[in-house]
Amino acid sequence: MARVVVIGAGLGGLAAAARLAALGHAVTVCEQAGRVGGKLGVLERDGFVFDTGPSLLTLPAVYRDLFLATGSPLEATLQLVPVDPVTHYRFADGTVVDVPNASRSRIAAAWENALGPGAGADWTAFSERAGAIWDATREVFLESPLQGPRTLLGQARRVRDLRTVAPWLSLRDLGAQYLRHPHQRTFLDRYATYTGSDPRRAPAALATVPYVEQTFGAWYVPGGLRRLADAVLARAVERGVVVRTHADVAEIALDAAGRRAVGVRLTSGEHLPADVVVANADAAHVYADLLPPRAAPRALAGLRRATPSLSGFVLLLALRGRTPGLAHHTVLFAGDYDDEFDSVFGTGPHRRTGPRPVPDPTVYVSAPDDPALRPDADSEGWFVLVNAPRNGAGGVDWDAPGLREAYADRVLAVMAARGLDVRDRLLWREVRTPADLERATRSPGGSIYGTSSNGVRAAFLRPANRSPVDGLFLVGGSSHPGGGIPLVGLSAAIVAGLVGPA
Ligand SMILES: Cc1cc2nc3c(=O)[nH]c(=O)nc-3n(C[C@H](O)[C@H](O)[C@H](O)COP(=O)(O)OP(=O)(O)OC[C@H]3O[C@@H](n4cnc5c(N)ncnc54)[C@H](O)[C@@H]3O)c2cc1C
């Protein structure tokens, strides 16, 4: 039995803790914040309940596997309900499409109705290619520890796999091969943002993101997605994990040779000895702040070479009255998507001036019709998210006086111009900027997904789960295989496999 200390009680940290406890280890989780869950946050005020982070659950099999590996099945603890339609999309010219949940034929029919003959077949052909990419990459990449480019290519079973995955193509390029209608290409572009990336530079392999959503379904947790974090916490505690909040880790303690992790030191001065340390904190924070620079210089250099992922600007809107016919998820596309990515990453026309808040952003609204989230039947809460540059260096100073409220007004005006004007129904609003996310979760710059997938080498610049320091492992959205609820769960399974049973 090893003594394990997990730094951070995000979903990745909690999932790893539950798995390691089930393998027989003595596990303590140290979370700097006052509550667990990390980016799976919640805001409760005046009878309204808001998820402040995720609003869409995909690939629930990852969590079914976690619950089975640690005790009773997921469904014994948590109800999952499919969302249908998954999302109502509105393009800049007014075209709308409601994308149904997990039915190839209904999805094709929805595209045909919205865009005309051929659009359904185009999307189906694209999905078949995406399915082939999923088959070629799931086991060797997503479910295995990252071993570096050479090993990965060696693991690719056939040359045909390589041609299928086409690592030399961007997601945008792959879309252009299959999708004739510009609206479908815009729709595909959006999935790059699910890894915090730019579709013009992110790899074609991200075609698996819509494939997974449309094949294994889009899900909601009644009461809010936050309940998933609560359920994983409960499972971890059942298995004997000790979870400490307000336990801020100041450094990872190393042995005299500086090679092996031997515990952590809290900001209070307390030392917790450990045989294994699992860091769920953002990898950039781990390598830059929690370890001495000489401990893992190459990992730190890799992180500095990569482009950080984008952040998000969030509005939580408490609204009087209900909106008839409102979908669970709505996306209002901007007319110029490239300008959105150039604004967020400071590329193209903004290369010299740098990133800026997107003036005319694509807007995402999540408005679950869930009585548990509203004070009465005549009100509703909306979570509104737009892509945003990260905070601080290489991004925008989101704490600049006046910016948060001025930009919140701007987003509400953009929504109004696109047909969703709720300004006269507003009871109150809460604004969460990238700077707020950075403060709450210690994700440098408020980057949601650690490093982005921008560039051919991005997957290999992402920190591996086994760190160069003996006994130190990385779990969560900033390490391999990436961010988002499903991948974070996969990273916990990989780390548990690397540590092994007691
Ligand atoms: C606005 C938003 C919308 C999103 N939407 C979706 C979605 O719809 N679907 C989806 O699948 N994903 C979504 N995501 C992404 C998803 O939330 C994350 O990928 C996932 O929750 C990350 O979990 P994690 O465990 O890796 O990290 P985190 O949740 O960041 O947890 C890390 C934890 O470590 C703690 N910590 C850091 N440093 C220290 C320290 N020194 N000492 C102690 N503790 C420390 C932090 O406080 C934090 O609790 C969204 C994220 C955001 C922010």
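Keep in mind it's a predicted model, so treat the numbers as computed, not measured. (Residues numbered from 1 in each chain as written. Predicted model: local features only at pLDDT ≥ 70, side-chain atom pairs only at ≥ 80, totals over all residues. Heavy atoms only, no water.)

Student: Would you take a moment to explain the pattern of salt bridges for this structure?
Tutor: Between side chains of opposite charge, a pair can form as their charged atoms come close. Counted according to the given criterion, the structure contains 31 salt bridges. Put simply, Arg64 and Glu75 hold a salt bridge, and the shortest N to O gap is 2.8 Å. In this pair, Arg64 is assigned in helix H2 (residues 61-70) and Glu75 in the loop between H2 and strand E6 (81-82), connecting sequence segments eleven residues apart. For Arg64, a relative accessible area of 29% gives the class partly exposed. Taking relative accessible area as the criterion, Glu75 reaches 42% and is therefore assigned partly exposed. Its salt-bridge partner being Arg244, residue Glu270 comes within 2.8 Å of it at the nearest N-O pair. (Salt bridge = Lys/Arg side-chain N within 4 Å of Asp/Glu carboxyl O. Helix = DSSP H or I, 4+ residues; strand = E, 2+ residues; numbered from the N terminus. Buried < 20%, exposed > 50% of the residue type's maximum accessible area, 1.4 Å probe, protein only.)

Student: Hey, could you run me through the site of the ligand in this one?
Tutor: With respect to spatial proximity, 36 residues lie near the ligand, and among them Glu31, Gln32, Lys39, Gly477 and Ile485 are the closest. Here Leu56 contributes a backbone N or O atom positioned 3.0 Å from a nitrogen atom of the ligand. Within the contact set of the ligand, a nitrogen atom lies 3.0 Å away from a backbone nitrogen or oxygen of Val249. Contact with the protein chains covers 94% of the free accessible surface of the ligand, which is 1,000 Å². When contributions to the shell around the ligand are tallied by element, the ones reaching two or more residues are helix H1 (11-22), helix H15 (434-441) and helix H17 (485-499). For the shell around the ligand, the per-class residue count stands at 16 nonpolar, 16 polar and four charged. (Near = heavy atom within 4 Å. Polar contact = N/O pair within 3.5 Å; in protein donor to acceptor, adjacent residues only side chain to side chain. Areas by Shrake-Rupley, 256 points an atom, 1.4 Å probe, with all protein chains shown as cover. Nonpolar A, V, L, I, M, F, W, Y, C, P; charged D, E, K, R; others polar.)

Student: Even after reading the chapter, I still don't get helix H8 (residues 182-190), so can you show me in this structure?
Tutor: Because an α-helix completes one turn every 3.6 residues, residues spaced three or four positions apart along the sequence face the same direction. Counting buried positions along H8 yields seven of nine residues, so the element is predominantly enclosed. What H8 keeps buried is the set His183, Gln184, Thr186, Phe187, Leu188, Asp189 and Arg190.

Student: Quick question: what am I supposed to make of unusual backbone geometry here?
Tutor: Negative phi characterises most residues that are not glycine, and trans characterises most peptide bonds. With an omega of -5°, the peptide bond running from Asp84 to Pro85 counts as cis. Within the element layout of this structure, Pro85 appears in the loop between E6 and strand E7 (87-90). You will see that Ala102, though not glycine, has its phi angle at about 50°, which is positive. Checked against the element boundaries, Ala102 lands in the loop between strand E8 (96-99) and helix H3 (104-115).

Student: How do you make sense of the sheet that holds strand E17 (residues 363-366) when you look at a structure like this?
Tutor: Each strand in a sheet pairs with another by means of backbone hydrogen bonds, the pair being arranged parallel or else antiparallel. Taken together, the seven strands give an open sheet; going across it, the order is E8-E7-E16-E17-E18-E15-E19, and neighbouring strands pair in mixed fashion. If you trace the sheet from one side to the other, it starts and ends with E8 and strand E19 (426-432), each paired once. Averaged over all neighbouring strand pairs, the angle between strand axes comes to 20°, with direction disregarded. Looking at chain direction, strand E15 (residues 311-320) and E19 are connected through six bridges and run antiparallel. Looking at E19, one finds that Leu317 is bridged to Arg429. (Pairing = 2+ DSSP bridges. Axes fitted to C-alpha atoms, helices over the stretch in contact; angles between N-to-C directions.)

Student: So what exactly am I meant to see when it comes to the pairing of strand E3 (residues 42-45) here?
Tutor: On a regular strand, one side chain projects to one face of the sheet and the next to the other, so that they alternate. Where E3 lies against strand E4 (residues 48-51), four bridges are found, and the strand directions are antiparallel. Note that in E4 the partner of Glu44 across the bridge is Val49. Counted between consecutive antiparallel strands, the loop separating E3 from E4 contains two residues, among which Asp46 sits at a positive phi close to 50°.

The quantities given are spatial measurements derived from coordinates; they are silent on function.
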